[in-house]
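# Structural overview for review
So you can see what is in the structure, the chains are spelled out below.
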Amino acid sequence: MIVTFFTDIHGNGYAFREFLIQQEEICPDRIIFGGDVFGYYYDYEEILTKMRTDERFICILGNHEDMFIKLLLGEIDENYLIMRYGDSYKDIRSRVSKENIDFIKRWSDRYELFIDNKNYKNFEEYEKEVWDNAYLKYPIMLGYTLIIFPICLLKDISKMRFA
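Residues numbered from 1 in each chain as written. Predicted model: local features only at pLDDT ≥ 70, side-chain atom pairs only at ≥ 80, totals over all residues. Heavy atoms only, no water.

## Some thoughts on the pattern of salt bridges
What counts here: Should a side-chain nitrogen of Lys or Arg be within 4 Å of a carboxyl oxygen of Asp or Glu, the pair is scored as a salt bridge. Working definition: helices are DSSP H or I runs of at least four residues, strands are E runs of at least two. Numbering for both runs from the N terminus.
Taken as a whole and assessed by the stated rule, the structure comprises six salt bridges. Residue Asp54 pairs with Arg56 through a salt bridge whose shortest N-O separation is 2.8 Å. Among the ionic pairs, Lys98 bridges to Asp102, the shortest N-O distance being 2.8 Å. One end of the pair is Lys98 and the other is Asp102, both in helix α6 (residues 98–105) and four residues apart, which spans about a single turn.

Here it is in structure tokens:
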């Protein structure tokens with residue numbers, strides 16, 4: 001199984017399209033997005049639509065998705081987001097399709113890794129048992145999701161699955 005990871009795209013359609021070109025060469029089975037599709041740039045609708053319609057994508061809430069949901073619920077002010085993160089938040093509620101809003105609302109704030117049917121819920125468990133069997137070791141913070149998701153290439157990746 002080939003798994004790729006990216007995060008903090010912040011509406012940058014150019015960077016996202018370049019990332020997809022790289023994925024064509026790699027042919028991953030899963031693409032993990034660690035959050036933060038909003039903020040700074042304006043192409044989030046294009047990015048969300050691609051992630052929603054490509055079953056390889058696994059998406060995890062970042063702080064910008066959390067703020068977007070709070071904006072929809074009236075728990076945060078749009079002007080605050082504009083002041084803090086720029087004009088890409090101006091009228092954002094009307095520029096994200098209902099399908100993509102529903103898609104974001106289904107994202108989890110965490111993702112658990114299963115190897116050999118064992119659920120690694122935290123970094124320490126994973127580090128202790130898995131890293132000795134790895135070729136490469138990457139502890140990675142998923143944007144501002146406040147979790148650590150260690151990724152590695154396993155000697156026997158056929159036993160890896162995601163939930």
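## Quick notes on the confidence of the model for the chain
This is how it is decided: The pLDDT score gives, residue by residue, the confidence of the prediction method on a 0 to 100 scale. Any two residues whose heavy atoms approach within 4.5 Å are treated as being in contact.
Per-residue pLDDT for the chain averages 78, and the proportion of residues at 70 or more is 67%. Every residue in residues 134–163 is under pLDDT 50, and counting partners more than four places away or in other chains gives 87 contacts.

## Things to note about the sheet that holds strand β2 (residues 30–33)
Two pairing modes exist for strands in a sheet, parallel and antiparallel, and in both the strands are linked by backbone hydrogen bonds. Keep this limit in mind: For two strands to pair, DSSP has to find at least two bridges joining them. Between N-to-C directions, angles cover 0 to 180 degrees, with each direction set by a line fitted to C-alpha atoms, over the stretch in contact for helices.
Across the sheet, three strands lie side by side as β1-β2-β3; this open sheet has parallel pairing. Bordering the open sheet on either side are β1 (3–6) and β3 (57–59), each of which pairs with just one other strand. Across this sheet, the average inter-strand angle for adjacent strands is 20°, counted without regard to direction. Pairing geometry for β2 and β3, over three bridges, is parallel. Bridge assignment links Ile32 to a residue of β3, and that residue is Ile58.

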